Amino acid sequence: MANAPPSTLLDEALDGKGAAVLSSSPAAGGRMILVEDCVETSGAFVVHHLLKRCLSPHSSDVVVFLSFAHPFSHYDRILRKMGCNLSVQRDNKRLMFLDMLMLERRGRDRGKTSEDVFIALFGEIQKAVELSLSHAGRQHITVVIDDVSLMEVDANGSSNLVLDFLHYCYSLTAQFGCSLITLNHDDVYSNEDRPGLLLKLEYLADVVIKVEPLSTGLASDVHGQLTVSNKGIHEGSGKSRNKVHNFHFRIKDSSVECFYPGSKT
Amino acid sequence: MAEWICRTLRDGGLEGEHAPALTINDTISCPLGSFVFDHILSQLSSFIFCQKSQSNGIVLVALSRSPLYYEQLLKSKGFDVVTSSTWFKILDCYTDPLGWRSKLLESGSIRNLSSGSSLTVNICKNVKDLDELFSSILELGKVSFSWQNCLEMERAVYGCHRLDQVSSLFWLLHLDMHETRATAALEYMSSMKATIDPIIQSVDGPRGNSENLSLMEQNLRRGKFCVRVKRRNGRVRMMFEELFVEKSGIKFTPLSSEDETTAQSLVPKVQFNLQLSEKEKNDRAKVVLPFEHQGNGKTIQIYDGRKSLNDDKAETQNTSVQKVDSNRGEIIYFRDSDDEMPDSDEDPDDDLDI
């Protein structure tokens, strides 16, 4: 049996020391992880890292991936370099990829409203969750959404519809013990006067991962900083509950390196 | 203080008066409102279970957490879920608030609609229809109400508040998620307002700053609990406590002075000294206040407005002795008697006619 992948500081911030896969307890319910990034530092690498963790050979978990940003080939290329073959995972029914860029999927040509489209989309997700859980040995489903601001574009600018959809996806965490990972862009909503989508998502999320540039400016060997706020509403391992972690990161070709400020040699 | 709130909700309102209503407010900087909500819900449940409450049961309108969560909460407090169903009822506005699941169930896309909880749960399929929501609440009986996360439900809350069968109600509101008008309207309706604030506000600065991170982490575990109570005579009473989130729940303690020390240590560094050294503090404590007797061997005399002849002679002798001893003038000061302290149950402003 292959050895467990080494855990990074990001993994430890999410689940405590020694954790290499997303942990959840069916009794306590799943978790929602919100990744916030900005133009200066993209948080896409966090989504790729979490996706790879979910599809680790050490678990039998299933991922439902809603992509509003890129086609399947984009993620396949990136994850291959990281040692994960998405095509094989899709064939093995461990990955269900919903490409929202495809026009047919949106149902616009059938005259459906945005709400009908999102209701149907949620139906597909819950159906996939129910189907996966009915297979023996499959206990944990992760729903990944990339990304929320493009979902809002797809909803014709209706943030209420986006919030309604996310509420229903979030309810799957309580009902089926699923986990939910979403990526959102901080600077898209930073100038709003009224409480926005971002604030509402932060209230909903159990873990908020902020990806930001360094306060000191650009650097060649450090690409930015991560701040992981683990509210720990659910019991989880208990070790990462109500904690805030901050560390720097450097994105490599096949992985991401996380280290505490000043410890990079 | 938190226990006082629970007792007030337990005791309900007097005949002819509106039921006591509590609003619990928090913000994203210190999001501990849900812990306070759970604590009050557990306490009320305990009173009702022991039949020490005016109300017969609880109706919980669940908007942002599932009925399963509350079932787990009751279990963790030692309640039997099966017997609790007779007095703990949930209006489930979480599982299918807009009827999406019902539509999908009808079309055969999904198989499962239930909330999965063993408690008595009525599923609300359209939270936007406030009349239907209100009717659903009324169906569930004569109870205390708890409401998590009012959105645009001022009208429904207003309706509940005026019902005879409601003995008390409370709700949780995230202040920064709603317009000021909405929060102010709910505040007007409530007789008690509990706000959770950060113990120390985080300073503006780079996120990687260790001080800021430490404050952020502290605000996830502890906060300042401020309660504003509107009394019957129109006066407003303010009370403060500190709250800590522990693994077993939440704990309330009086506000500590450590926070003042911590706040003082956050004084910005400037070129002049704003703090006192130990020597300076000791010297300040030793300063003899002018015109005060400071234990110079004589008994402290309190001026009562009626000086006796003997006292006069004693003073004259003392004065004359002192005059012989030195050529300097002297001021003899008799401290007034201390003010009378009011009894603990007296309100000193009761006699004011405002």
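All values reported here derive from a predicted model rather than from experimental measurement. Along every chain, residues carry numbers that run from 1 in the direction the sequence is written. Lettering of chains starts at A and numbering of ligands starts at 1, both following the order in which they are written. Whole-chain, interface and lining totals are the exception, using all residues; otherwise, since this is a predicted model, local features are given only for residues with pLDDT of at least 70 and side-chain atom pairs are given and counted only at 80 or more. Neither water nor hydrogens contribute to the side-chain values; these are computed over all heavy atoms in the structure.

Undergrad: What is the right way to read the overall build of chain A from this model?
TA: The helix and strand inventory of chain A stands at nine helices and nine strands. Within chain A, the proportion of its 265 residues that are buried is 57%. Here, two residues are considered to be in contact whenever any of their heavy atoms come within 4.5 Å of each other. Intrachain contacts of chain A at a sequence separation of at least 6 include 67% that bridge at least 24 residues. Calculation of accessible area relied on Shrake-Rupley with a 1.4 Å probe; when residues are assessed, cover is drawn exclusively from the protein chains displayed. As displayed, chain A offers around 11,300 Å² of accessible surface, 52% of which is attributable to carbon and sulfur atoms. In this description a helix means any DSSP run of H or I spanning at least four residues, a strand means any run of E spanning at least two, and both kinds are numbered starting from the N terminus. Categorising residues by exposure relies on relative accessible area from a 1.4 Å probe, with only protein chains included: less than 20% of the type maximum marks a residue as buried, more than 50% marks it as exposed, and the intermediate range marks it as partly exposed.

Undergrad: When you look at the overall build of chain B in this model, what are you seeing that I'm missing?
TA: Counting its regular elements, chain B contains 12 helices and 12 strands. Counting the 354 residues in chain B, one finds 40% classified as buried. Of the contacts made within chain B by residues no fewer than 6 positions apart, 69% connect residues no fewer than 24 positions apart. Taken as a whole, chain B presents about 20,800 Å² of accessible surface, with 49% of it coming from carbon and sulfur.

Undergrad: What exactly am I supposed to notice about the side chain of S229 of chain A here?
TA: Here S229 of chain A shows up in strand 7 (residues 224–230). On the basis of relative accessible area, S229 of chain A is assigned to the buried category, the value being 15%. Leaving out residues up to four positions away in the same chain, S229 of chain A has contacts with D206, V207, V208, K243 and V244 of chain A together with M216 of chain B.

Undergrad: Would you mind going over the pattern of salt bridges with me for this structure?
TA: In a structure, side chains of opposite charge can pair up when their charged atoms sit close to one another. Salt bridges are defined by distance alone: a side-chain nitrogen of Lys or Arg within 4 Å of a carboxyl oxygen of Asp or Glu. Evaluation of the coordinates by the stated rule reveals 14 salt bridges over all chains. Close ionic contact of R53 of chain A with D11 of chain A constitutes a salt bridge, the shortest N to O distance being 2.7 Å. Remark: D11 of chain A occurs in helix 1 (residues 9–15) and R53 of chain A occurs in helix 2 (residues 44–54); sequence separation between them is 42 residues. When sorted by exposure, R53 of chain A lands in the same class as D11 of chain A, which is buried. Two residues, D283 of chain B and K279 of chain B, come together in a salt bridge whose shortest N-O distance is 3.0 Å. Residue D283 of chain B and its partner K279 of chain B are both found in helix 11 (residues 278–286); the two are separated by four residues, about one turn of the helix. By relative accessible area, which is 35% here, D283 of chain B ends up partly exposed. A network of salt bridges, in which partner residues are shared, links E36, E202 and K210 of chain A.

Undergrad: What is the right way to look at the sheet that holds strand 8 (residues 243–251) of chain A in this model?
TA: The strands making up a sheet associate through hydrogen bonds between their backbones, and the pairing can be parallel or antiparallel. Residue and element names in this part refer to chain A. Strand pairing requires that DSSP identify at least two bridges connecting the strands. Pairing is mixed across the open sheet formed by nine strands, whose spatial order is 3-2-4-5-1-6-7-8-9. Here the strands that pair on one side only, and so sit at the sheet edges, are strand 3 (95–99) and strand 9 (256–259). For this sheet the average axis-to-axis angle between neighbouring strands, irrespective of direction, equals 20 degrees. In the sheet, strand 2 (residues 62–67) pairs with strand 3 via five bridges, with the strands oriented parallel. Bridging from a neighbouring strand, V63 pairs with L95 of strand 3. Relative to strand 5 (residues 179–185), helix 8 (residues 159–176) is tilted by about 150 degrees, and along the sheet it contacts strand 1 (32–37), strand 2, strand 4 (141–146) and strand 5. Strands strand 1, strand 5 and strand 6 (207–212) of the sheet are contacted by helix 9 (residues 197–204), whose axis makes an angle of about 145 degrees with strand 1. Lines fitted to C-alpha atoms define the axes here, with helix axes fitted over just the stretch in contact, and angles between the N-to-C directions of these axes take values from 0 to 180 degrees.

Undergrad: In this structure, what is going on with the nonpolar core? I would like to understand it.
TA: Nonpolar side chains tend to gather and get buried jointly when the protein is soluble and globular. Definition used in this section: a nonpolar core is a set of buried Ala, Val, Leu, Ile, Met, Phe, Trp, Tyr and Cys residues joined via side-chain atoms within 4.5 Å. If you look at the biggest cluster of nonpolar residues, it comprises 48 residues, and the most contacted ones within it are L66, I125, I145 and F165 of chain A together with W100 of chain B. Of all the elements in the fold, those that place two or more residues in this core are strand 1, strand 2, helix 6 (114–134), strand 4, helix 7 (148–154), helix 8 and helix 9 of chain A together with helix 5 (100–107) of chain B. Here this core takes 10 residues from helix 8 of chain A, the largest share from any one element. Formed by 40 residues, the second largest nonpolar core is a distinct cluster that contains I48, L73, I90 and A194 of chain B.

Undergrad: Even after reading the chapter, I still don't get the interface of chain B and chain A, so can you show me in this structure?
TA: You'll often see interface size given as the accessible area lost when the parts meet. The partner chain A presents 42 residues to the 41 residues of chain B that form the contact. Buried surface area refers to the total accessible area, computed with a probe of radius 1.4 Å, that the two partners give up upon joining, counted for both partners together. Summing the contributions of chain B and of chain A, the shared interface buries around 3,600 Å²; its carbon and sulfur component is 61%. Linking chain B with chain A are zero salt bridges. Polar contact is defined as a pair of N or O atoms within 3.5 Å, subject to the rule that within protein one atom must be able to donate a hydrogen and the other to accept it, and that residues adjacent in sequence are counted only when both atoms are side-chain atoms. Counting the contacts that link chain B with chain A gives 12 residue pairs in polar contact (both at pLDDT 80 or more). Elements that contribute at least two residues to the side of chain B that touches chain A include exactly helix 3 (67–76), helix 5, helix 9 (210–219) and strand 9 (236–246) of chain B. Gly is put with the polar residues, along with every residue not named as nonpolar or charged; the nonpolar set is Ala, Val, Leu, Ile, Met, Phe, Trp, Tyr, Cys and Pro, and the charged set is Asp, Glu, Lys and Arg. Counted by class, the side of chain B that touches chain A contains 18 nonpolar, 11 polar and 12 charged residues.

Undergrad: Explain the state of the cysteines to me, please; I cannot follow it from the model alone.
TA: Cysteine pairs can be covalently joined through their sulfur atoms, and such a bond is termed a disulfide. Cysteine sulfurs are considered disulfide-paired once they come within 2.5 Å of each other. Enumeration over the complete set of coordinates arrives at zero disulfides over all chains. Of the cysteine sulfurs around C169 of chain A, a residue in no disulfide, the closest is that of C178 of chain A, at 9.5 Å. Not engaged in a disulfide, the cysteine C6 of chain B finds its nearest cysteine sulfur in C50 of chain B; these two sulfurs lie 14 Å apart. Given a relative accessible area of 0%, C6 of chain B falls into the buried group.

Undergrad: It is not clear to me how helix 1 (residues 2–11) of chain B should be interpreted in this structure. Could you clarify?
TA: Three or four residues apart is the spacing at which side chains of an α-helix point the same way, because the helix has 3.6 residues per turn. Residues and elements named next belong to chain B. Those residues of helix 1 that sit buried are A2, I5, C6, L9 and R10. Around the axis of helix 1, the buried residues are gathered within 135 degrees of arc, so they sit on the same side. Once helix 1 finishes, G12 follows within two positions and takes phi at roughly 70 degrees, a positive value. This arc is taken over the directions from the axis of the helix to the C-beta atoms.

Undergrad: Explanation requested: the environment of V64 of chain A in the structure shown.
TA: Residue and element names in this part refer to chain A. For V64, the position within the fold is in strand 2. For the pair V64 and L198, spaced 134 residues apart in sequence, the C-alpha to C-alpha distance is 23 Å. Aside from chain neighbours lying at most four places away, what touches V64 is M96, L98, I125, A128, I141, T142, V143 and V144.

Undergrad: What's the story with the pairing of strand 1 (residues 21–26) of chain B in this structure? I'm lost.
TA: Side-chain positions along a regular strand alternate between the two faces of the sheet. Residues and elements named next belong to chain B. The buried fraction of strand 1 is high, at six of six residues. The alternating pattern of strand 1 places A21, T23 and N25 on one face and L22, I24 and D26 on the opposite face, and all of these are buried. As defined by bridge partners, strand 1 adjoins strand 6 (residues 166–174) across six bridges and the pair is classed as parallel. Bridged to L22 within strand 6 is F170. Inspection of the sheet shows strand 1 paired to strand 7 (residues 192–197) by four bridges, in the parallel sense. Its bridge partner being in strand 7, L22 is matched across the sheet by M192.

Undergrad: So what exactly am I meant to see when it comes to the packing of helix 1 of chain B against helix 2 (residues 33–49) of chain B here?
TA: When two helices pack together, their arrangement is given by the angle between their axes and by how far apart the axes lie. Residues and elements named next belong to chain B. For the pair helix 1 and helix 2, the least separation of the axes is 10 Å and the interaxial angle reads 50 degrees. In terms of their interaxial angle, helix 1 and helix 2 are classed as oblique. Like other packed secondary-structure pairs, helix 1 and helix 2 cross with a definite hand, here right-handed. Residues E3, I5, C6, R7, L9 and R10 of helix 1 form the contact with helix 2, whose participating residues are H39, I40, Q43, L44 and F47. For the contact of helix 1 with helix 2, the per-class residue count stands at six nonpolar, two polar and three charged. Here the angle decides the label: under 35 degrees means roughly parallel, over 145 means roughly antiparallel, 65 to 115 means roughly perpendicular, and every other value means oblique. Less than a right angle of anticlockwise turn of the near helix away from the far helix marks a crossing as left-handed, whereas a clockwise turn marks it as right-handed.

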